[in-house]
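Residue-level listing of the chains:
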Amino acid sequence: MNKRLYIPILLIAIVGIVLVSTMASSYTPESTTSNLLVIEKDKSDDEQWIILENNVTVYVKDHNTWVLIEENHKYTLIYDFHKSTKKYYLRTIIPSDYKEQF
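Computed from a prediction, not measured in an experiment: that's the story for all the values here. (Residues numbered from 1 in each chain as written. Predicted model: local features only at pLDDT ≥ 70, side-chain atom pairs only at ≥ 80, totals over all residues. Heavy atoms only, no water.)

**Observations regarding the packing of aromatic side chains**
Stated precisely, the cut-off is as follows: Stacked, tilted and edge-to-face are the three classes assigned to paired rings of Phe, Tyr and Trp, where Trp is represented by its six-membered ring and a pair needs centres within 6.5 Å; plane angles under 30 degrees give stacked, over 60 edge-to-face, the rest tilted. Relative accessibility thresholds used throughout: buried, under 20% of the residue-type maximum; exposed, over 50%; partly exposed, between the two (1.4 Å probe, protein chains only). Definition used: whenever NZ (Lys) or CZ (Arg) falls within 6 Å of the ring centre and also within 35 degrees of the ring normal, the charge is taken to sit over that ring.
Applying the stated rule across the entire model yields 4 aromatic pairs. Measuring from ring centre to ring centre gives 5.4 Å for Tyr79 and Tyr88, while their planes differ by 80°; the resulting arrangement is edge-to-face. Looking at Tyr88, the relative accessible area reads 27%, which means it is partly exposed. Centre to centre, the rings of Phe81 and Tyr88 are 5.0 Å apart; their planes meet at 55°, and the pair counts as tilted. What links up through ring pairs into an aromatic cluster is the set Trp49, Tyr59 and Tyr89. The residue whose ring lies beneath Lys87 is Tyr59, and the NZ or CZ to ring-centre distance is 4.5 Å.

Here's what the structure looks like:
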């Protein structure tokens, strides 16, 4: 292979690796699973959230899910921390007494 092609190919590979690692690190959520009491829920014009007994605010993307969540009830929750927004987002929620399994 010609020596003039080595440098551009190497630069393209380095830029590609840097871009992929940057995007992957900013998107990778950190998941938490908890069985906690929902203390409060609230909303604004564009988003809604719940506050858990461990004082974590979890944002709920689906409005229909948020409506079904009741204050002062225990739920098993899986929520993710997104580094890009520095917020927790709800992934899954199950009532803690669901079929007496929890």
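**A short note on the sheet that holds strand β5 (residues 87-95)**
In a beta sheet, neighbouring strands are held together by backbone hydrogen bonds and run either parallel or antiparallel to one another. Stated precisely, the cut-off is as follows: Only when DSSP finds a minimum of two bridges between them are two strands counted as paired. Only runs of H or I of at least four residues qualify as helices and only runs of E of at least two qualify as strands under DSSP, and these elements are numbered from the N terminus. Here an angle of 0 to 180 degrees is reported between the N-to-C directions of two axes, which are lines fitted to C-alpha atoms, with helices fitted over the stretch in contact.
The sheet built from 5 strands closes into a barrel, its strands ordered β1-β2-β3-β5-β4 with mixed pairing. Sheet twist, expressed as the average angle between the axes of neighbouring strands with direction ignored, equals 55°. Looking at chain direction, strand β1 (residues 30-43) and strand β4 (residues 74-82) are connected through 8 bridges and run antiparallel. Looking across to β4, one finds that Leu36 is bridged to Tyr75.

**Overview of the nonpolar core**
Note the cut-off: Put simply, buried Ala, Val, Leu, Ile, Met, Phe, Trp, Tyr and Cys residues joined by side-chain atoms within 4.5 Å make one nonpolar core. Note on contacts: a residue pair is in contact if any heavy atoms of the two residues lie within 4.5 Å.
Core analysis: the largest hydrophobic core is formed by 13 residues, its most contacted members being Ile50, Leu52, Val58, Ile69, Leu77 and Tyr79. Residue assignment for this core shows that the elements contributing at least two residues are β1, β2 (48-52), β3 (57-60) and β4. Aside from chain neighbours lying at most four places away, what touches Ile69 is Val38, Lys41, Ile50, Val60, Tyr75, Leu90 and Ile93.

**Topic: the environment of Val56**
In this structure, Val56 sits in the loop between β2 and β3. Val56 gets classed as buried once you look at its relative accessible area, which sits at 15%. The spacing of Val56 and Lys87 is 31 residues in sequence and 9.5 Å in space, taken between C-alpha atoms. Sequence-distant contacts of Val56, that is, excluding residues within four places in its chain, are made with Ile50, Ile51, Tyr79 and Tyr88.

**Here we look at the pairing of β1**
Sheet topology note: the β1/β2 ladder contains 5 bridges and is antiparallel. Paired with Lys41 across the bridge in β2 is Ile50. Between the end of β1 and the start of β2, which pair antiparallel, lie 4 residues.

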